[in-house]
Amino acid sequence: MQYIKVGVICATHGLKGELSIKELTAFGEERFKKGAKLYIRTNQEYVPLQVASMRRHKGRLLVSFAGYADINLVEGWKKVLLYIKEEDVAPLSEDEAYYWQLKECKVYDEAGAVGEVKELIETGAQVVLRIRFEEEELLVPFVKVFFPKIDIPSRKLYLKRMEGLS
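Residues numbered from 1 in each chain as written. Predicted model: local features only at pLDDT ≥ 70, side-chain atom pairs only at ≥ 80, totals over all residues. Heavy atoms only, no water.

Some thoughts on the sheet that holds strand S9 (residues 127-132)
Put simply, the rule reads: Strand pairing is defined by DSSP finding a minimum of two bridges between the two strands. We count a stretch as a helix when DSSP gives it H or I for four or more residues in a row; a strand needs E for two or more, and each element gets its number in order from the N terminus. The angle between two axes is taken between their N-to-C directions and runs from 0 to 180 degrees, where each axis is a line fitted to C-alpha atoms and a helix contributes only its stretch in contact.
Spatial strand order, S10-S9-S8-S7-S12-S11: six strands in an open sheet with mixed pairing. The open sheet is flanked by strand S10 (137-141) and strand S11 (149-151), the only strands paired with a single partner. Strand-to-strand twist in this sheet, taken as the mean axis angle between neighbours without regard to direction, amounts to 30°. Sheet analysis places strand S7 (residues 106-109) next to strand S8 (residues 114-122), joined by three bridges and oriented antiparallel. If you follow Val107 over to S8, its bridge partner there is Gly115.

Okay, structure coming up:
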């Protein structure tokens with residue numbers, strides 16, 4: 001079973017076990033709503049947590065978990081990642097993908113060359129894929145003009161090369 005990162009615990013907030021969370025998802029309101037199930041990884045195993053409360057404060061989420069209503073119980077969780085199970089991700093349309101789904105996808109261009117996505121670089125405007133082909137490496141923004149077709153279930157991306165892309 002695969003687990004997907006959705007947040008990182010930045011700090012405690014107050015004495016009642018509230019935690020400041022940096023979201024690593026575009027679905028923060030859904031992922032961290034009251035009753036949502038999240039996981040932390042401790043000692044090589046994933047431990048389930050249930051969200052007891054969530055609110056926004058100064059650009060971050062403040063979240064508390066059921067059974068952890070004391071700062072002493074959560075103080076050691078700073079910098080710990082929060083996960084969901086892959087089966088719990090929200091469905092996307094067929095021309096969309098989660099960033100984690102792009103890593104190691106095969107990339108095909110019009111000439112038949114085959115490459116592989118090696119890294120995703122977040123620039124703020126969009127994500128840029130570092131693609132390694134046999135004889136070259138490209139940095140390509142992950143936008144529809146460069147990738148008119150994607151097939152995530154088959155782990156294939158189709159690259160439209162343009163002048164200046166090298």
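Quick look at the sheet that holds strand S6 (residues 81-85)
Around the barrel, which closes on itself, the six strands sit in the order S1-S2-S5-S4-S3-S6 with antiparallel pairing between neighbours. Put simply, the sheet's adjacent strands are angled 50° from each other on average, direction ignored. Where strand S1 (residues 3-13) lies against S6, five bridges are found, and the strand directions are antiparallel. Paired with Ile4 across the strands is Ile84, a residue of S6.

Some thoughts on the layout of surface pockets
What counts is decided by this rule: A pocket here means an open set of points on a 1 Å grid, computed over the protein atoms alone, that has protein on both sides within 12 Å along at least five of seven lines. A cavity is instead a set of points where a 1.4 Å probe fits but cannot get out; residues with an atom within 4 Å of a point line either one. Grid points are joined across faces, edges and corners, and a volume is the space filled by probe spheres set on the points. In this classification, Asp, Glu, Lys and Arg are treated as charged, Ala, Val, Leu, Ile, Met, Phe, Trp, Tyr, Cys and Pro as nonpolar, and every other residue, Gly included, as polar.
Quantified by volume, the largest pocket comes out at close to 710 Å³. Taken together, 22 residues line the largest pocket, and the ones lying closest to its centre are Ile4, Lys5, Leu24, Tyr99 and Trp100. Of all elements in the fold, only S1, S6, helix H3 (99-102) and S8 reach the threshold of two or more residues within the lining of the largest pocket. When residues in the lining of the largest pocket are grouped by element, the largest group, four residues, is from S1. Of the residues belonging to the lining of the largest pocket, the class tally is 16 nonpolar, two polar and four charged.

A closer look at the pairing of S1
Taken together, the six bridges between S1 and strand S2 (residues 18-23) define a ladder with antiparallel strand orientation. Bridge assignment links Val8 to a residue of S2, and that residue is Lys22. Between the end of S1 and the start of S2, which pair antiparallel, lie four residues, with Gly14 showing a positive phi angle near 80°.

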